Structures are given as C-alpha cells and as structure tokens.
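# Overview (structure and organization)
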Amino acid sequence: MTGKTHILGGIAAGLAYAHFEHVPDSDAIILVGASVVGALLPDICHGGSIIGRKFHILSKIINTLFGHRTFTHSLLFLVLMAMIMNTYVSNEAITSGILIGMASHYLLDMSTKNGIKLFFPLDITVRLPITTKTGSQVEHVVAIVLTVLSVYLGFETIRDLL
Ligand SMILES: [Zn+2]
C-alpha cells in the first residue's frame, strides 16, 4: 500500500478508536495525529517510503538487517514499541495512537499480495484471503472507502463533542 493509503488508514483507525472509546476531544486530536505517525512507522524498512526518506540512514540500517516487511511489520515490533512507549511516553493518547496506527498499517499490508511477516522471526507470510496490488485500482477504492469512513467518524466524533 502507498503512504497516502496508510495515512488514510491511520486517520480512520484513530478516529474509530476515539469514537468508540469516547476519548475526550483534545486527546482525540493527539490520538489521531499519533495514529498517522504510527501508520507510517512500519515502512521505515523501505528507503523510498515517506518515513524512510525522512530517516534515510536508520531506514538503510533496518532494511539491511531485516529486509522489507519483516521485523517492522511484526507483532514483535508492535510489542516492543508498546513497551518502549509505556516506559518513555506518559501520554496515553500518543501511545494508543501510535499502536493503533501501526495495527492499521499491518492490516492494509496484509491485503496486498506480498503480505507481511507478522510472526517474524518465523518465516510465515500473512495475508488476507482477498488481496490487491500496491497502487492498483482496488487500492484507490480502498483509499476512497477510508476517506468516506474518516469523514463519517470525524463527523460523529464532532457531534459527540457538541
Ligand atoms: Zn508496509
């Protein structure tokens, strides 16, 4: 999936969580922002990605060590990030947002043909029963659905605040 789709996935996932968990307004904004960051984070393993271009050297190191869509797309990385965030970040909205965004990234990449190594270091490729190709027409449809979902959830969240 492209960076744009992951950003939309992060926004939709963050808004959904904020809406259903009734996160208070100021926290909801922080949570959705963190969720977008979390949604981009796993692709640090890929030098051409949005985050890979920002942190080029770190991206190169991770790519050399693990390759693409392995460690940074695994439950192991998610648990490690949760432990790091719980230790060093005292803001619960940031921690939840990052982890929710990462989970949305995993789910979107699982819907591509290449899938992800969710159980890294085990060499098992996990993908959904129905998959698409990155940059395909289906991905555009997914992006549109995520946008509509985000607008709806954003509207619902604002309505909850009024
Ligand atoms: Zn990815």
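The structure this text deals with has already been given above.
Everything quoted here is computed from the prediction, not taken from an experiment.

Quick notes on the rules
Residues numbered from 1 in each chain as written. Predicted model: local features only at pLDDT ≥ 70, side-chain atom pairs only at ≥ 80, totals over all residues. Heavy atoms only, no water. Core = buried A, V, L, I, M, F, W, Y, C linked by side-chain atoms within 4.5 Å. Buried < 20%, exposed > 50% of the residue type's maximum accessible area, 1.4 Å probe, protein only. Contact = heavy atoms within 4.5 Å. Helix = DSSP H or I, 4+ residues; strand = E, 2+ residues; numbered from the N terminus. Expected span 1.5 Å × (residues − 1). Salt bridge = Lys/Arg side-chain N within 4 Å of Asp/Glu carboxyl O. Donors = N, O, S within 2.8 Å, 3.2 Å for Na, K, Ca; no water. Tetrahedral: all angles 85-135°; square planar, octahedral: opposite > 155°, others 65-115°. Axes fitted to C-alpha atoms, helices over the stretch in contact; angles between N-to-C directions. Parallel < 35°, antiparallel > 145°, perpendicular 65-115°, else oblique. Left-handed = near helix turned anticlockwise from the far one by under 90°. Nonpolar A, V, L, I, M, F, W, Y, C, P; charged D, E, K, R; others polar.

## Here's the deal with the nonpolar core
In summary, soluble globular proteins display a tendency toward joint burial of nonpolar side chains. Grouped together as the largest cluster of nonpolar side chains are 18 residues, with contacts concentrated most on M81, I98, M102 and Y106. Not counting the four nearest positions on each side in its chain, M102 is found in contact with G38, A39, L41, P42, F77, L78 and M81. Core analysis: the second largest hydrophobic core is formed by six residues, A28, L31, A93 and I100 among them.

## Re helix α2 (residues 25-40)
Relative to the 22 Å expected for 16 residues at 1.5 Å per residue, α2 spans 23 Å between its end C-alpha atoms, a close match to the ideal helical length. Of the residues making up α2, those classed as buried are A28, L31, V32, A34, S35, V36, G38, A39 and L40. Buried residues along α2 sit against α1 (3-20), α3 (50-54) and α6 (92-110).

## Some points on the pattern of salt bridges
Inspection of every chain in the model, using the stated rule, returns two salt bridges. Residue K117 is joined to D123 by a salt bridge in which the shortest nitrogen-to-oxygen separation is 2.9 Å. Judged by relative accessible area, K117 falls into the buried class, the value being 19%. Residue D123 is classed as exposed on the basis of its relative accessible area of 65%.

## Observations regarding the coordination of the zinc ion
Under ideal tetrahedral coordination, the four donors around a metal are separated by 109.5 degrees; under ideal octahedral coordination, the six donors are separated by 90 or 180 degrees. Protein coordination of the zinc ion is provided by D43 (OD), H73 (NE2), H105 (NE2) and D109 (OD), with donor distances spanning 1.9 to 2.2 Å. In this structure, the zinc ion is coordinated by four donor atoms arranged in irregular fashion, with angles at the metal of 92 to 169°. The motif formed by the donor residues of the zinc ion, counted along the single chain, is D-x29-H-x31-H-x3-D. Residue D43 is located in the loop between α2 and α3, and its partner D109 is located in helix α6; the two are separated by 66 residues in the primary sequence. For the residue pair D43 and D109, the accessibility class agrees, reading buried in each case.

## Re the packing of α1 against α6
Orientation of α1 relative to α6, taken along the N-to-C sense of each, is 130°, at an axis distance of 8 Å. By the angle between their directions, the pair α1 and α6 is classed as oblique. For α1 against α6, the interelement crossing comes out right-handed. Of the residues in α6, those touching α1 at T5, H6, G9, G10, A13, G14 and Y17 are S96, I100, S104, H105, L108 and D109. Taken together, the residues of the contact of α1 with α6 break down into four nonpolar, eight polar and one charged.

## Side note on the packing of α1 against α2
Any two packed helices are characterised by the angle at which their axes cross and by the distance between the axes. Packing of α1 against α2 brings their axes to within 8 Å, and their N-to-C directions diverge by 145°. Remark: the crossing between α1 and α2 carries right-handed chirality. From α1, G3, H6, I7, G10, I11, G14, L15, Y17 and A18 reach across to α2, where they touch A28, L31, V32, S35, V36, A39 and L40.

## Comments concerning unusual backbone geometry
In this structure, P121 follows F120 across a cis peptide bond, with omega equal to 10°. Of note in this structure, H22 is not a glycine but carries a positive phi near 50°. With respect to the helices, strands and loops of the structure, H22 is situated in the loop between α1 and α2. Overall, H22 belongs to the exposed group, its relative accessible area being 64%. A positive phi angle, close to 60°, is found at R69, a residue other than glycine. With respect to the helices and strands, R69 occurs in the loop between α4 (56-66) and α5 (75-88).

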